[in-house]
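So you can see what is in the structure, the chains are spelled out below.
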Amino acid sequence: MERVKKEPFIHITKREPMPWWKSLCIRVGAVLIALIISAIFISAASPRDRGFFDYFSSLFSGAFGTERRFWLLLQNTALLLCVALALVVAFKMKFWNLGGNGQVLMGCLACAMCMYYLGGKWPDGAVCLLMFVVSVAAGALWAVIPAIFKAFFNTNESLFTLMMNYVAMYLVAFFIALWYPNGTGAMPPLSDANLPTFGSGQAGRSLPIILAAVIVTAFIYCYLRFTKHGYEVALVGESKNSARYASINVKKVIIRTLVLSGALCGLVGFLLVGSINHMVSTSMDSNMGFTGIMVAWLGKFDPLIMAGVALFINFLTRGMAQVNTDFGFTSEALSDIVIGLIYFFFIGCEFFIVYKVHFNFQKGSVHPAPDFSMDAAESSSSEENGRSAPSPDGGDVLPAGGDAPVQTEGRPLAADADPPPETEPSPPEGIKRSRRSKKEEN
Amino acid sequence: MEVFLSSAIQFGAIFLFGCVGEILTEKSGHLNLGIPGIMCMGAAGGCFGVKLVAMGESPNGVLVLLMGILFAMLFAGALGAVYAFLTVSLRSNQNVTGLACTIFGAGFTSFFLNDVVDIADVTVAGRLSFASLNFFNAHIPGVEALGWFGNIFLGHGVLIYLAIVIAIVVAIVLKRTKAGLNLRAVGENPATADAVGINVTGYKYTATIIGAAIAGIGGLCYSLCYTSGNDSTVEVTIQIIGWLSIALVIFTMWRPAVAIGGSFVFGALYILFSYISVAPAFKPLLRLIPFVVTILVLIVTSIIGHRETQPPASLGLSYFREDR
């Protein structure tokens, strides 16, 4: 290596894949730091005389304090997990479905329409069945419209789905105003055609929802891991060109996947209206579309980790509501701040899992070679290998590790998926090659 | 009609701040979906800054304005810096980081305005004298004499003209200066820019933070200029405005000068619902207009797919020098 006069103070290299317990430690550490920071700020800003440790006791009592709270926590987790799973299917394909809110709301609206127009006129069982079908169809419709335009014209899907959120919101407002012209814009709960519950308590009301979430989780887990469809989704997400090369109909995959994604969101809407609220409001989605994105991302697109993340986020939301009352704040938005802070730390800590930072303390001194660790040497040698095999379009820059979440686990994507059908050319190679020449991301 | 056009320009200015801020950010290759949250932060900071100096008996108008703008830029810039740090230095996914910024910014603003600045107390109880809010809407004296022309084009507060000036300045900087050329190079192909010796990280940070600060003034403009502090759920409306501003960037083809006209069109679309008289049940349908138009614009621009209308080539991708 050539002698260099001035070394940069910070040197960043890619890390070898980390053992899972080590990366888990980093993540838990990041969350703990965020929690402690929020505890310090909140106990300092509180108008009441509350200390640092009261924060944590309030947090736990809000989430687990009574049996009812515990079941509500599980119920909200189940709903959030369903939305996040719906989004994961799309994200695996690098389709940024930011329209979870709107898809859930459309499911809610369709369900409420059935209850409003048919409740009491038809037998409850028939209405419930129709509610299910219509809600799922409405959610799917709301997702498939952007998908069709994405598939045929490559329309920017993130903004399209975002706008669909607001279209759904105002449609709900329109129907409430239409049904209750003299009301205050709120809809009273309907008593007909409610979904059956197991018993009368909160546990009985929550159990069907939790059950539904368990089924959905198992389904998505199997769908993404063991089916041909799931494999195609992952391949389209990695590179559209290699998918095309493997004679996959990319347009069909995009549309089919988004139907599934929207249908699951619609299912959540069905549960929200049919089983929990028996009415619809413009804020019924409670921003689960956005929270679901964070759950999907922080859960590394793995349904089982996502269940844990969803539980943790709901634990915080419900716990912070308690902190809010105990610490005497008037705004309900406190939980958003703390959760936002935890997102920042959680997103930020990924860097330290994927990259290694070397500090060069001997400033300006001349020494033959920078004091690299083994990891750095490894990565620089692999870099040379890469140079010897130049990429087709002249050393184009690849997206960094942050864009390929599946690989940050150090597990190549193809290992997740099914063995390919015989007609396809060896897919891991195809994926790698296309990642070199990739340009069509945006 | 006069009132409608005048309000459209006022509302358009809010879009213009958000849109120009986002254009500047996107030119550096960063798709900042945190703009809604950042604009909320601007509203929080602006109210805080105004409250610092406007609680006295006879506040100084220029000082109130400057403090409002300064703190709006500071708060928004701070969240922009967090975003920049996470996406530039720590190379996180830009969409996810942006959404986290939005969740944080909206929550922070709601909390901050209710519990720290106590905006309801300030404006309803009148402790923050309404005179100081009028500084934001004070227009050039004597424009009423000019008839409709004066009312539509000259009868606005200083923030509206500031928006136009910023848009023009950003347009000139991007198009005519060396810094603008470098910035565009960073957005198109950071590796090439790096090879030429351009400080990629520096440009990305600068563009993101300045862009966030500009968008932040938009939040201030909504909360203190357009609604005069009467909106108790500022963060909800500003989020909608923020998303529309991001969509507007595509509509204006990444050109700040085009954004001036585009913003006013969007401003008109956004306030249209309160100027058409229909049965109250159908009001929500009229509020759909800006979103449906945005969707149509997205579809049309994607179908045309002209070379001029393409985003910066490396938009949304993180840059790691040692990557292949």
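Per chain, residues are indexed from 1 in the order of the written sequence. Here the convention is simple: chains get letters from A, ligands get numbers from 1, in the order in which they are written. pLDDT decides what is reported in this predicted model: residues at 70 or higher carry local features, side-chain atom pairs at 80 or more are listed and counted, and totals for whole chains, interfaces and linings draw on all residues regardless.

(A) Looking closely at the overall build of chain A. A helix here means a DSSP run of H or I that spans at least four residues, while a strand means a run of E at least two residues long, and both kinds are numbered starting from the N terminus. Along its length, chain A carries 17 helices and two strands. Burial status across chain A gives 45% buried among its 442 residues. Considering only residue pairs separated by 6 or more positions, chain A has 79% of its internal contacts joining residues 24 or more positions apart. Here exposure depends only on C-beta density: within 10 Å of a residue's C-beta, 20 or more other C-beta atoms make it buried, 12 or fewer make it exposed, and intermediate numbers make it partly exposed, the C-beta atoms being placed from the backbone. Distance between backbone-placed C-beta atoms decides contact: two residues are in contact if it is within 7 Å.

(B) Just the overall build of chain B, in detail. Secondary structure summary: chain B contains 15 helices and zero strands in total. The proportion of buried residues among the 324 residues of chain B is 55%. Considering only residue pairs separated by 6 or more positions, chain B has 78% of its internal contacts joining residues 24 or more positions apart.

(C) Fine view of the interface of chain B and chain A. Each partner contributes to the interface: chain B provides 51 residues, whereas chain A provides 51 residues. Listed by contribution, the elements that provide at least two residues to the side of chain B that touches chain A are α3 (61–89), α4 (94–116), α10 (190–196), α12 (234–251), α14 (283–287) and α15 (289–304) of chain B. For the side of chain B that touches chain A, the element with the most residues is α4(B), which contributes 14 residues. All amino acids are sorted into three groups, where Ala, Val, Leu, Ile, Met, Phe, Trp, Tyr, Cys and Pro are nonpolar, Asp, Glu, Lys and Arg are charged, and the leftover types, Gly among them, are polar. Among the residues making up the side of chain B that touches chain A, the classes are represented as 34 nonpolar, eleven polar and six charged.

(D) Just the nonpolar core, in detail. Among buried residues, those of type Ala, Val, Leu, Ile, Met, Phe, Trp, Tyr and Cys that are joined through C-beta atoms within 7 Å form a set called a nonpolar core. In terms of nonpolar packing, the biggest core is built from 229 residues, with Cys82(A), Val83(A) and Ala84(A) touching the most fellow members. Not counting residues up to four positions away in its chain, the partners in contact with Cys82(A) are Ala213(A), Val216(A), Leu264(A), Leu267(A) and Val268(A).

(E) Inspection of helix α6 (residues 157–179) of chain A at higher detail. Given the number of residues in a helix, its expected span is that number minus one, multiplied by 1.5 Å. Compared with an ideal rise of 1.5 Å per residue, which puts 23 residues at 33 Å, α6(A) spans 33 Å between its outermost C-alpha atoms and is within 8% of the ideal. The element α6(A) is largely enclosed, with a buried count of 17 among its 23 residues.

(F) Inspection of the packing of α6(A) against α15(B) at higher detail. Simply put, an axis is a line fit to the C-alpha atoms, just over the touching stretch for a helix, and the angle between two N-to-C directions goes from 0 to 180 degrees. Two elements in contact, α6(A) and α15(B), have axes separated by 9 Å at closest approach and are oriented at 160 degrees. It follows from the interaxial angle that α6(A) and α15(B) lie roughly antiparallel. For the pair α6(A) and α15(B), the crossing hand works out as left-handed. Contacts from Leu159(A), Phe160(A), Met163(A), Tyr166(A) and Val167(A) in α6(A) reach Phe291(B), Val292(B), Thr294(B), Ile295(B) and Leu298(B) in α15(B). These descriptions rest on fixed angle ranges, namely under 35 degrees for roughly parallel, over 145 for roughly antiparallel, 65 to 115 for roughly perpendicular, and the rest for oblique. The sense of a crossing depends on the near helix, which, turned anticlockwise from the far helix by less than a right angle, makes the crossing left-handed and, turned clockwise, makes it right-handed.

(G) Seen up close, the packing of helix α1 (residues 2–27) of chain B against helix α11 (residues 200–226) of chain B. Residues and elements named next belong to chain B. Their axes nearest at 7 Å, the elements α1 and α11 cross at an angle of 170 degrees. Considering their axes alone, α1 and α11 lie roughly antiparallel with respect to each other. Counting all contacts with α1, which are made through Gln10, Phe11, Ala13, Ile14, Phe17, Gly18, Val20, Gly21, Glu22, Leu24, Thr25 and Lys27, the residues of α11 involved are Ala207, Thr208, Ile210, Gly211, Ala212, Ile214, Ala215, Ile217, Gly218, Cys221, Tyr222 and Tyr226. When grouped by side-chain class, the residues that make up the contact of α1 with α11 number 15 nonpolar, seven polar and two charged.

(H) Molecular detail of the confidence of the model for chain B. Residue and element names in this part refer to chain B. When pLDDT is averaged across chain B, the result is 83; 86% of the residues are at 70 or more. Here residues 124–129 is modelled with pLDDT under 50, and outside its nearest four sequence neighbours on either side it reaches ten contacts, counting other chains as well. Scored as a whole, the predicted complex attains pTM 0.83, and scored at its interfaces, ipTM 0.87. Here pLDDT means the predictor's own confidence in every residue, given as a number from 0 to 100.

(I) Fine view of helix α7 (residues 202–226) of chain A. All names here are of chain A. The terminal C-alpha atoms of α7, which comprises 25 residues, lie 36 Å apart, in line with the 36 Å expected from a rise of 1.5 Å per residue. Listed in full, the buried residues belonging to α7 are Ser206, Ile209, Ala213, Val216, Ile220 and Leu224. The inward-facing, buried residues of α7 abut α3 (67–91), α8 (228–238), α10 (250–277) and α12 (303–327).

(J) Just the confidence of the model for chain A, in detail. Looking at chain A as a whole, its pLDDT mean stands at 78, while 79% of the residues score no less than 70. Considering only residues more than four positions removed or in separate chains, one finds that residues 365–442 of chain A, a stretch of pLDDT under 50, has 115 contacts.

(K) Fine view of the environment of Asp285(A). Structurally, the position occupied by Asp285(A) is in the loop between α10 and α11 (288–298). Along the sequence, Asp285(A) and Gly107(A) sit 178 residues apart, while their C-alpha atoms lie 9.9 Å from each other.

(L) Local environment of unusual backbone geometry. For Ser286(A), which is not a glycine, the phi torsion comes out positive at approximately 40 degrees. Locating Ser286(A) in the fold gives a position in the loop between α10 and α11. With a phi close to 55 degrees, Met253(B) is a non-glycine residue in the positive phi region. Take Met253(B): it is sitting in the loop between α12 and α13 (256–271). What makes Met253(B) partly exposed here is the crowd of 16 C-beta atoms within 10 Å.

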